[in-house]
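Observations on the three-dimensional arrangement
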Amino acid sequence: MEPAAMNWSRDAFTVTCDPAKLDRGLIAGFLRSSYWAQGIPPETVERSLESSLCFALLDGDRQVGFARVISDYATIAYLADVFVVPEYRGRGLAKWLMECVVGHPNLQGLRRWMLGTRDAHGLYEQFGFTPLKKPETFMERHNPDVYRGG
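Keep in mind that what you see is a predicted model, and the values were worked out from it rather than measured.

What follows is about the pairing of strand β4 (residues 62–71). Summarising burial for β4: 7 of the 10 residues are buried, a large majority. Note: strand β3 (residues 53–59) against β4, 7 bridges, orientation antiparallel. Residue pairing for β4: F55 is matched across the bridge by A67. As consecutive antiparallel partners, β3 and β4 are separated by 2 residues, and within that stretch G60 has a phi angle of approximately 65°, a positive value. Across 6 bridges, the pairing between β4 and strand β5 (residues 76–84) is antiparallel. Paired with F66 across the bridge in β5 is F83.

What follows is the structure, encoded as structure tokens:
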């Protein structure tokens, strides 16, 4: 299923799912220095973009934020790599970006959404995210050193 190409506008800002509008260098650079993907190689970022529904937050033609969703578009979605560049924070743009993500027509009626965050619980709670109701039923296979060759 090919996800619907979507665009949202607010003032001078646009959120788009058009892959041609992604600033791959900005995304890779931000993620490489983030706490959750520190050191991620650009090739890995590129593969992740190709296999996800991506949302670019633009100020004119300049990308200033990003989010991506990994989904089967039927039962589950995993939200990842959500960010707004520091100089654009505090303007409600992350909240608007999340409104666009959860409102995308191909992401409706899903049984479960998941994400991981260290410090943005308040943002995600506004969109119905809660701690795992039954953490004892979830497992993970985690390799925190994968980008360092571990």
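All right, on to the pattern of salt bridges then. Applying the stated criterion to the full structure yields 5 salt bridges. Among the ionic pairs, D81 bridges to R68, the shortest N-O distance being 2.6 Å. Residue D81 is found in strand β5, and its partner R68 is found in strand β4; the two are separated by 13 residues along the sequence. Note on accessibility: D81 and R68 belong to one class, buried. As a salt-bridge pair, D145 and R148 come within 2.8 Å of each other at their nearest N and O atoms. In this structure D145 comes out as partly exposed when scored by relative accessible area, which is 34%. The exposure class assigned to R148 is exposed, which follows from its relative accessible area of 55%. Within this structure, R24, E46 and E50 form a network of salt bridges that share partners.

Inspection of the secondary structure puts L31 in helix α1 (residues 24–33). Relative accessible area serves as the criterion here: at 1%, L31 is assigned to the buried category. Once the C-alpha coordinates of L31 and I70 are considered, the two residues, 39 residues apart in sequence, prove to be 17 Å apart. L31 has contacts with W36, A37, Q38, I40, V45, D81 and F83, leaving out every residue within four places of it along the chain.

Conventions used here
Residues numbered from 1 in each chain as written. Predicted model: local features only at pLDDT ≥ 70, side-chain atom pairs only at ≥ 80, totals over all residues. Heavy atoms only, no water. Buried < 20%, exposed > 50% of the residue type's maximum accessible area, 1.4 Å probe, protein only. Helix = DSSP H or I, 4+ residues; strand = E, 2+ residues; numbered from the N terminus. Pairing = 2+ DSSP bridges. Salt bridge = Lys/Arg side-chain N within 4 Å of Asp/Glu carboxyl O. Contact = heavy atoms within 4.5 Å.

Bear in mind that shape data such as this cannot, by itself, settle questions of function.
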